[in-house]
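Examining the three-dimensional arrangement
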Amino acid sequence: MTILLFGVTKDIVGSPSLSIPTSSVSGKSIPKTVKELKVFLGNTYPELNKLSSLAVAVNNNYAKDGDAINSYDEIALIPPVSGG
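Residues numbered from 1 in each chain as written. Predicted model: local features only at pLDDT ≥ 70, side-chain atom pairs only at ≥ 80, totals over all residues. Heavy atoms only, no water.

Let's talk about the overall build of the protein
- Within the protein, the regular secondary structure consists of two helices and five strands.
- Relative to its full complement of 84 residues, the protein shows a buried share of 31%.
- In the protein, of all internal contacts separated by at least 6 residues, the share reaching a separation of at least 24 is 50%. (Helix = DSSP H or I, 4+ residues; strand = E, 2+ residues; numbered from the N terminus. Buried < 20%, exposed > 50% of the residue type's maximum accessible area, 1.4 Å probe, protein only. Contact = heavy atoms within 4.5 Å.)

Below you can see the structure in the form of structure tokens.
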């Protein structure tokens, strides 16, 4: 599963994309929903938990926490945007 990163999420992870194995790793199961993905990423990269908001897009559409994700989906993390 590949996740595209933008803005501060890219800075936190240190890369413009992140690859998550599609099978369980060290007893951790792979995320199957957007919420599970957020928890997985927050545990792996605790700085992500400090963001005021973090949107997830699946296949170019904003996704809700209960939405299912699959290994073949295009997933993007969209950090809070500031400006005026």
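Having put the structure on the table, let's press on.
Description of the environment of S17
- Along the chain, S17 turns up in strand β2 (residues 17-19).
- By relative accessible area, S17 is classed as partly exposed at 33%.
- C-alpha of S17 to C-alpha of L5: the two residues are twelve residues apart in sequence and 5.3 Å apart in space.
- Residues in contact with S17, not counting those within four places in the same chain, are T2, I3, L4 and L5.

Focus on the sheet that holds strand β3 (residues 55-58)
- Read across the open sheet, the five strands follow the order β2-β1-β5-β3-β4; overall the sheet is mixed. At either end of the open sheet lies a strand with only one pairing partner, and these are β2 and β4 (61-62).
- Two strands pair when backbone bridges link them, and strand β1 (residues 2-5) and strand β5 (residues 75-78) are joined in this way by three bridges, in the parallel orientation. Along β5, the bridge assignment pairs I3 with I75. (Pairing = 2+ DSSP bridges.)

So, the nonpolar core
- Membership of the largest hydrophobic core comes to 18 residues, with the highest contact counts inside it found for I3, L37, L41, V58, I69, I75 and L77.
- Listing elements by their share of this core, those giving two or more residues are β1, α2 (34-44), β3 and β5.
- It is α2 that contributes the most residues to this core, three residues altogether.
- Contacts of L41, omitting those with residues within four sequence positions, involve I3, L18, I20, L48 and L77. (Core = buried A, V, L, I, M, F, W, Y, C linked by side-chain atoms within 4.5 Å.)

Details of the environment of V56
- Structurally, the position occupied by V56 is in strand β3.
- Of the residues examined, V56 reaches a relative accessible area of 1% and is grouped as buried.
- As a C-alpha pair, V56 and L4 span 52 residues in sequence and 9.9 Å in three-dimensional space.
- Once residues within four sequence positions are removed from consideration, V56 is found in contact with V34, K38, N61, Y62, A63, I75, A76 and L77.

Don't take any of this as a statement about function, it's just geometry.
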